[in-house]
Protein chains: 4
Amino acid sequence: MLISCPDKPGIVSAISGFIFEHNGNILESDQHSTNQHEGSFFMRISFAEDTFRLSEEELREAFQPIATRFQMQWHVSYSRQRKRAGILVSKYDHCLVDLLWRWKIGELTMDIPFIISNHPNLEKLANMYGVPYYHFPVKRETRQQDEQRMLDFIGEQADFLILARYMQILEPFFVDAFPQRIINIHHSFLPAFIGASPYDQAFRRGVKLIGATAHYVTSSLDEGPIIAQDVIHCDHRDAVDDLIRKGRDVERRVLAEAVRLHTSDRVLAYENKTIVF
Amino acid sequence: MLISCPDKPGIVSAISGFIFEHNGNILESDQHSTNQHEGSFFMRISFAEDTFRLSEEELREAFQPIATRFQMQWHVSYSRQRKRAGILVSKYDHCLVDLLWRWKIGELTMDIPFIISNHPNLEKLANMYGVPYYHFPVKRETRQQDEQRMLDFIGEQADFLILARYMQILEPFFVDAFPQRIINIHHSFLPAFIGASPYDQAFRRGVKLIGATAHYVTSSLDEGPIIAQDVIHCDHRDAVDDLIRKGRDVERRVLAEAVRLHTSDRVLAYENKTIVF
Amino acid sequence: MLISCPDKPGIVSAISGFIFEHNGNILESDQHSTNQHEGSFFMRISFAEDTFRLSEEELREAFQPIATRFQMQWHVSYSRQRKRAGILVSKYDHCLVDLLWRWKIGELTMDIPFIISNHPNLEKLANMYGVPYYHFPVKRETRQQDEQRMLDFIGEQADFLILARYMQILEPFFVDAFPQRIINIHHSFLPAFIGASPYDQAFRRGVKLIGATAHYVTSSLDEGPIIAQDVIHCDHRDAVDDLIRKGRDVERRVLAEAVRLHTSDRVLAYENKTIVF
Amino acid sequence: MLISCPDKPGIVSAISGFIFEHNGNILESDQHSTNQHEGSFFMRISFAEDTFRLSEEELREAFQPIATRFQMQWHVSYSRQRKRAGILVSKYDHCLVDLLWRWKIGELTMDIPFIISNHPNLEKLANMYGVPYYHFPVKRETRQQDEQRMLDFIGEQADFLILARYMQILEPFFVDAFPQRIINIHHSFLPAFIGASPYDQAFRRGVKLIGATAHYVTSSLDEGPIIAQDVIHCDHRDAVDDLIRKGRDVERRVLAEAVRLHTSDRVLAYENKTIVF
């Protein structure tokens, strides 16, 4: 259960009391308040379903009065219901290879209904893992229609989307269809090197660390809420190709971490930032 | 409030209900269960004192029934009551310099009633920060008596002790006087390089990382519960002196982190491990 | 060119003079001396072949007088001659998946003549990358013969071997056949947690970092020269399964780095340590 | 000896031959070429003075023909001649405390002729370490004159300057007086969060890492060649004050590293980047 609401006394007590009353056993709980007076309250609480007496629907109904009293935004998800992740890629395979492998061995508990690409190149890889692959060419001149077709195709098939180095900018209407449910990997330590060719930018600037950032996509390029970031050391010996090589490792690790956090409902976006429980 | 008890349903509800009932507002709470069935439950919960209706004594009394019901070990501490940290050093000053400076600028909220050393060297440093410095020589032949004198001197002056590179092994009776309340910094990534001269050992082994470990002292040398650890990269160019230089940075950072965690009651020791909230 | 010899004045001058004299252009050079008096000298120097006037054989002959004068151990390798890496695995696929992918995209410049396993499980993966897979069962009672058969099979096919989580201890005669040419990945920060089940050991000890170590195999278990190491943070929330998950990322990264260094002749083993240029 | 010149064959040979001819023994040497054809060549080579037959002046004269032939920019420095570092601070003491302590224990081999501040606050600290402290107030309206007075005071007293959180922007004429000889610590991972209040900026952006950057000062704010950078993880629990606290640790470490590299002549600036040997 993920909850956010204005902070005031009694929230934890109300929630935990509710769970206990219906025979739930709390497995994990974590909360965060932005500040003490008139701040916001955020909570993730997970409890065992086996002993819990309420069905999904009953829970929704029974909890509503508490939610109303505290003006909560809340949703509950069940670990037995795997989220469905649609993946978008272009030509680079390192993030896709990594996601598919982690998914196959059970590190990422999700389903992958489809892989969409604006290039045909990675179909064989998708096949190896038994995931349907669809080629949706996108042209600059017809981007609106191209993306609309893609969106129509996706329909209700996916709970969230992963841009695993999808090298196209998505139109606002597309982004709006998956609010805070599109995860992108940007190959720099944002907000440094926003935009194109961050490794070239990093090389020219002569930085001593390069990084990667996984974030939710908003209509502002590379400015959505950051979920995970990491860096790796580099030095003057590293040409752009070396930065790319080192960066691949950081990118795929950071993206996988963000996906893992998202699929286990550990991320709450708030004011263009994230709370990661 | 730090709590540990056998895990069963209703604990969080009982605690948060109790706090709410007496008008406390929960600021932070974090819990951990070792496993779901017949496991242990650990919790740190902090709430604002200003609105809370119970005094220290009233709290103790009013909470006792809950504690009894769930077989809790618990204690409550007030952030307005700074812990008193007695510091023991030998000749190396890097950890002491760092602790004193962090303490002076308010990074470590504690009092320092005394610094004890088996050498006179660091008295001037202690004076600079206005902390009383006592020279307690320790000789191999008279260690028992020497430490007993030290212990008698300390008496009730300190809530916990920091071994800031105190290069003596403490006798079991001394350790027992401060159970899980003596923090030591060992200059290796334990359990690698237990014992004397870890940097020499690290050099001979040719490791590519060196580290430091802050842990609670138990009667088994370097085997107490680990509070914090970190490492730094090294390579074949690093002679032992370079390892010592690099290691100083890690040591003081790790020790300061452990002290910060301890002073803010974020550490629970359990089965020779720690839970760090 | 990799060189080691007793340190004395004139070595760099002699080598660089030799290269210049035969029209080679030095691309990279790095040296290391263990200490200033009566120490050892190590050097890696790479120069462009296109303008160099000596063939492989001529070089060997022409350089010998210098080598003799300075008592050098030396060998030269050509970047156009890719090393041949035989891979040994058991059932865990994370290191193998990673090596094969890095190899395929050109990150690891080597050939892979075969993959050997004591289990049949990973054959499909090998096939996907077009690498021959051979199943060599090893039984405790017949280990000597089993390994002898393996060694006979390998013959002259491989320049070095990679144990990509090969969960068997190799017999001394096998190790001796590839002196400092077998790279193993151990799933701990050596010398901590030598031997079996390091993640279980790490969990029980309650460390706050777990690591991985790539090293050359010698006849002493887990005690050969360390090539690369890295760590990742963990805490009390990490069960053994989480340590294994986090560790996989470190293992594959560290192993790949060690293989990359070895294939580009950047590693010199010396007194059970390595110099990594 | 630090050397940069257009890359062509024979440079290493000429330099090492020269050193050998005059009985020098090379202790360390490292080189870097920006690319193979028509690129630039950079080298740091250190050799023992005790056996070397040329005096400082003789060396200058004898080496000049080689320098001319290869169009070298070069300079030689003697480890027995400690560089003189003038330090500029404002009110924050963490970098200054750290530099002074490292200097006192011999980690930074340099002299500190003076500390200049636009505030009187840190005089006591300077006195503790026996370093002269001068208060030079700087006002917005009289900045030109104020800095000129400072510059006149400094005169020939310092080989380079350290801005240890000196919170004033230096005028171009001041910067030009110490080309690539003023080291600044910026409290962010540049180029992210250029300018004022980077921790506030970092907090608002919700980054998951904060960093620090030591760089040479040029007339473009925060855009000079980067010498060293590092980062530390942070999360949603970190308020601006926590970022400041964590950042202090990174700042002082990164600044000290940059100063150490500079004082041991390991840094060559080149095209707004650095080569760090």
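About the thresholds
Residues numbered from 1 in each chain as written. Chains lettered and ligands numbered in written order. Predicted model: local features only at pLDDT ≥ 70, side-chain atom pairs only at ≥ 80, totals over all residues. Heavy atoms only, no water. UniProt positions renumbered as here; feature names shortened; annotations may be inferred. Buried < 20%, exposed > 50% of the residue type's maximum accessible area, 1.4 Å probe, protein only. Helix = DSSP H or I, 4+ residues; strand = E, 2+ residues; numbered from the N terminus. Contact = heavy atoms within 4.5 Å. Buried area = accessible area lost by both parts, 1.4 Å probe. Salt bridge = Lys/Arg side-chain N within 4 Å of Asp/Glu carboxyl O. Polar contact = N/O pair within 3.5 Å; in protein donor to acceptor, adjacent residues only side chain to side chain. Phe/Tyr/Trp six-rings, centres within 6.5 Å; stacked < 30°, edge-to-face > 60°. Lys NZ or Arg CZ within 6 Å of the ring centre and 35° of its normal.

Under an unreviewed UniProt entry, the name given to chain A is Formyltetrahydrofolate deformylase, and the source organism is Dictyobacter formicarum. You can read under Function (unreviewed entry) in the UniProt record for chain A the words "Catalyzes the hydrolysis of 10-formyltetrahydrofolate (formyl-FH4) to formate and tetrahydrofolate (FH4)."

### Overview of helix H3 (residues 94-104) of chain C
Three or four residues apart is the spacing at which side chains of an α-helix point the same way, because the helix has 3.6 residues per turn. Most of H3(C) is tucked away: 10 of the 11 residues are buried. Residue C:Gly106 follows H3(C) closely and has a positive phi angle near 90°.

### With respect to the interface of chain B and chain D
The interface is formed by 16 residues belonging to chain B together with 16 residues belonging to chain D. Across the chain B to chain D interface the summed buried area is about 1,700 Å²; carbon plus sulfur atoms make up 46%. Summed over the shared surface of chain B and chain D, the result is 8 salt bridges. The tally of links from chain B across to chain D stands at 10 residue pairs in polar contact (both at pLDDT 80 or more). Mapped onto the side of chain B that touches chain D, the elements with two or more residues apiece are helix H3 (94-104) and helix H8 (240-263) of chain B.

### What about unusual backbone geometry?
Put simply, C:Leu190 and C:Pro191 share a cis peptide bond, and its omega is 10°. Counting through the fold element by element, C:Pro191 comes out in the loop between strand S10 (182-186) and helix H7 (198-205). Although it is not a glycine, D:Gln180 adopts a positive phi angle of roughly 50°. With respect to the secondary-structure elements, D:Gln180 resides in the loop between helix H6 (172-177) and strand S10 (182-186). According to the relative accessible area criterion, D:Gln180 is partly exposed, its value standing at 37%. In this structure, D:Asp265 is a non-glycine residue whose phi angle is positive, near 50°. Locating D:Asp265 in the fold gives a position in the loop between helix H8 (240-263) and strand S13 (267-270).

### As for the packing of aromatic side chains
Across all of its chains, the model carries 30 aromatic pairs over all chains by this definition. A ring pair is formed by A:Phe114 and A:Phe153, whose centres lie 5.7 Å apart and whose planes are at 75°; its orientation type is edge-to-face. Taken together, the residues A:Phe114 in the loop between strand S6 (110-111) and strand S7 (115-117) and A:Phe153 in helix H5 (residues 143-154) connect sequence positions 39 residues apart. For A:Phe114, a relative accessible area of 0% corresponds to the buried category. Assessed through its relative accessible area of 25%, A:Phe153 is described here as partly exposed. Centre to centre, the rings of C:Phe42 and C:Tyr270 are 4.6 Å apart; their planes meet at 65°, and the pair counts as edge-to-face. Pair noted here: C:Phe42 is in strand S3 (residues 40-47) and C:Tyr270 is in strand S13 (residues 267-270), with a separation of 228 residues, a long-range link. Classification of C:Phe42 by relative accessible area gives buried; the value is 3%. Over the ring of C:Phe203 we find B:Lys273, and its NZ or CZ is 3.4 Å from the ring centre.

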